Amino acid sequence: MEHLQTQGISLPKLGLGTFRMQGDACRAAVEGGLALGYRHLDTAEMYDNEEAVGAAIAASRVPRKDLHVTTKVWNENLARDALRRAFDTSLKKLRLDHVDLYLVHWPAPNMNLPEIFETLMRLKEEGRTRAIGVANFNIALVKTVVEEIRAPIACNQVEYHVMLDQTQLRQFLTAKSIPLIAYSPLAKGLAASDAALAAIGRKHDASAAQVALKWLLDQDGVAAIPKASRAESQQANLDALKLRLDDADRRAIAALPKDKRCVNPSGYAPAWD
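A few points on the structure.

About the cut-offs
- Residues numbered from 1 in each chain as written.
- Predicted model: local features only at pLDDT ≥ 70, side-chain atom pairs only at ≥ 80, totals over all residues.
- Heavy atoms only, no water.
- Helix = DSSP H or I, 4+ residues; strand = E, 2+ residues; numbered from the N terminus.
- Rg over C-alpha atoms; globule rule 2.2 N^0.38 Å.
- Buried < 20%, exposed > 50% of the residue type's maximum accessible area, 1.4 Å probe, protein only.
- Contact = heavy atoms within 4.5 Å.
- Areas by Shrake-Rupley, 256 points an atom, 1.4 Å probe, with all protein chains shown as cover.
- Lys, Arg positive; Asp, Glu negative; His and termini not counted.
- Charge placed at Lys NZ, Arg CZ, Asp CG, Glu CD.
- Phe/Tyr/Trp six-rings, centres within 6.5 Å; stacked < 30°, edge-to-face > 60°.
- Pairing = 2+ DSSP bridges.
- Axes fitted to C-alpha atoms, helices over the stretch in contact; angles between N-to-C directions.
- Expected span 1.5 Å × (residues − 1).
- Polar contact = N/O pair within 3.5 Å; in protein donor to acceptor, adjacent residues only side chain to side chain.
- Arc of directions from axis to C-beta.
- Core = buried A, V, L, I, M, F, W, Y, C linked by side-chain atoms within 4.5 Å.

1. Side note on the overall build of the chain
Logical step 1: The helix and strand inventory of the chain stands at 10 helices and 10 strands.
Logical step 2: Computed over the C-alpha atoms, the radius of gyration of the chain is 18 Å, within 12% of the 19 Å expected from 2.2 N^0.38 for a compact globule of 273 residues.
Logical step 3: In terms of overall dimensions, the chain has a C-alpha envelope of 55 × 40 × 30 Å along the principal axes.
Logical step 4: By the burial criterion, 54% of the 273 residues in the chain qualify as buried.
Logical step 5: For the chain, restricting intrachain contacts to residue pairs at least 6 apart in sequence, the fraction spanning at least 24 positions comes to 75%.
Logical step 6: Split by element, the accessible area of the chain, about 12,200 Å² in all, is 47% carbon and sulfur.
Logical step 7: Positive and negative side-chain charges in the chain, numbering 35 and 33 respectively, have mean positions lying 2 Å apart.

2. Observations concerning the environment of Glu31
Logical step 1: When you line up the elements, Glu31 lands in helix α1 (residues 23-36).
Logical step 2: Classification of Glu31 by relative accessible area gives partly exposed; the value is 29%.
Logical step 3: As for Glu31 and Ala55, which are separated by 24 residues in sequence, their C-alpha atoms are 8.7 Å apart.
Logical step 4: Here Glu31 is in contact with Ala56 and Ala59, once residues within four sequence places are set aside.

3. Examining the packing of aromatic side chains
Logical step 1: With the rule as written, the count across this model stands at three aromatic pairs.
Logical step 2: Centroid distance Phe19 to Tyr47: 5.1 Å. Interplanar angle 45°. Geometry classified as tilted. Here Phe19 is found in the loop between β3 (16-17) and α1, whereas its partner Tyr47 is found in the loop between β4 (40-42) and α2 (50-60), with 28 residues between them in sequence.
Logical step 3: Exposure remark for Phe19: the relative accessible area of 29% places this residue in the partly exposed category.

4. Section: the sheet that holds β3
Logical step 1: A sheet is described by the order of its strands in space; here eight strands give the open sequence β3-β4-β5-β6-β7-β8-β9-β10, paired in parallel fashion. In the strand order of this sheet, the two ends are held by β3 and β10 (222-224), each with one partner.
Logical step 2: As defined by bridge partners, strand β7 (residues 132-135) adjoins strand β8 (residues 153-159) across three bridges and the pair is classed as parallel. Each residue of the ladder has a partner; that of Ile132, found in β8, is Ile153.
Logical step 3: Most of the contacts of helix α6 (residues 167-175) go to β8, to which it runs at about 170°, and overall it touches β8, β9 (180-183) and β10.

5. Observations regarding helix α4 (residues 113-125)
Logical step 1: Compared with the 18 Å implied by 1.5 Å per residue over 13 residues, the 18 Å span of α4 between its first and last C-alpha is a close match.
Logical step 2: By the burial criterion, the buried members of α4 are Leu113, Glu115, Ile116, Phe117, Thr119, Leu120 and Leu123.
Logical step 3: In this structure, the buried side of α4 is in contact with α3 (80-94), β6 (101-104), β7, α5 (139-148) and β8.
Logical step 4: Two to three positions downstream of the cap, the backbone nitrogen of Glu115 sits 3.1 Å from a side-chain oxygen, assigning the N-cap of α4 to Asn112.
Logical step 5: Phi for Gly127, located one or two positions after α4, is positive at around 80°.

6. Some thoughts on helix α7 (residues 195-204)
Logical step 1: What α7 keeps buried is the set Leu197, Ile200 and Gly201. Mapping the buried residues of α7 onto a view down its axis gives an arc of 105°, with all of them on the same face. More than 90 degrees from the buried face of α7, the exposed residues found are Ala195 and Arg202.
Logical step 2: Tucked into the core, α7 has its buried residues touching α8 (208-217) and α10 (247-254).
Logical step 3: Note on α7: the residue one or two positions beyond its end, Asp205, has a positive phi of about 55°.

7. Topic: the nonpolar core
Logical step 1: Counting 78 residues, the largest nonpolar core has Tyr102, Phe117, Leu120, Phe137, Leu197 and Ile253 as its most contacted members.
Logical step 2: The element best represented in this core is α8, accounting for eight residues.

Given below as structure tokens:
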């Protein structure tokens, strides 16, 4: 599988998202994903499933060096001491001595960005996270973090799919050599039922969802973390890597409306770009 190289880590372009997966069902899904070959796992403090993900990692016996594990701090815990406590709790639940990537999950009103990233950079210096990054940050916030604070951001994780235009953000991140990690890459199921994507899929003996996922993964500097709990869905996402989309396919995808945001950032983030 192709990897993205960013801030000293090697990130598999296709990961396994775990949002809204909990308990034994989450553990079973992650164990199954690891058995199929997934090596990029995405979780978060807010998901309340780090214990299940940690149990699955322990049960899988996949060598730690072969795994990429991302978790995130919720925006209620961004003060220095609270952030450290949240990190310690996440690490304990995951049964790990370090994570590969630790993200600020959502911006918060009146957050102290210099303090946040000083704390994150200290965690990195201590070897407890190999890299740090952000999620759901708009251009203005990323610009502040990288140009004023000069924090070594390894990614920005945001909603991105065939039905949402992220051109401006992606171009800005590319100029800064920061990967975009796409969550909700199948538009919360909308991609699977889209007629234009289904038509492209029939041409390649693939599903509409596989077409949508491959369109993302074909882009430089973009990774994707579709949530998939069933083995069939996990395998289908892996099989999407084999697709070869052509220029006609990409033109048809470009013609789709690009205004469908599935996650509403209001209440979490400042004014959205």
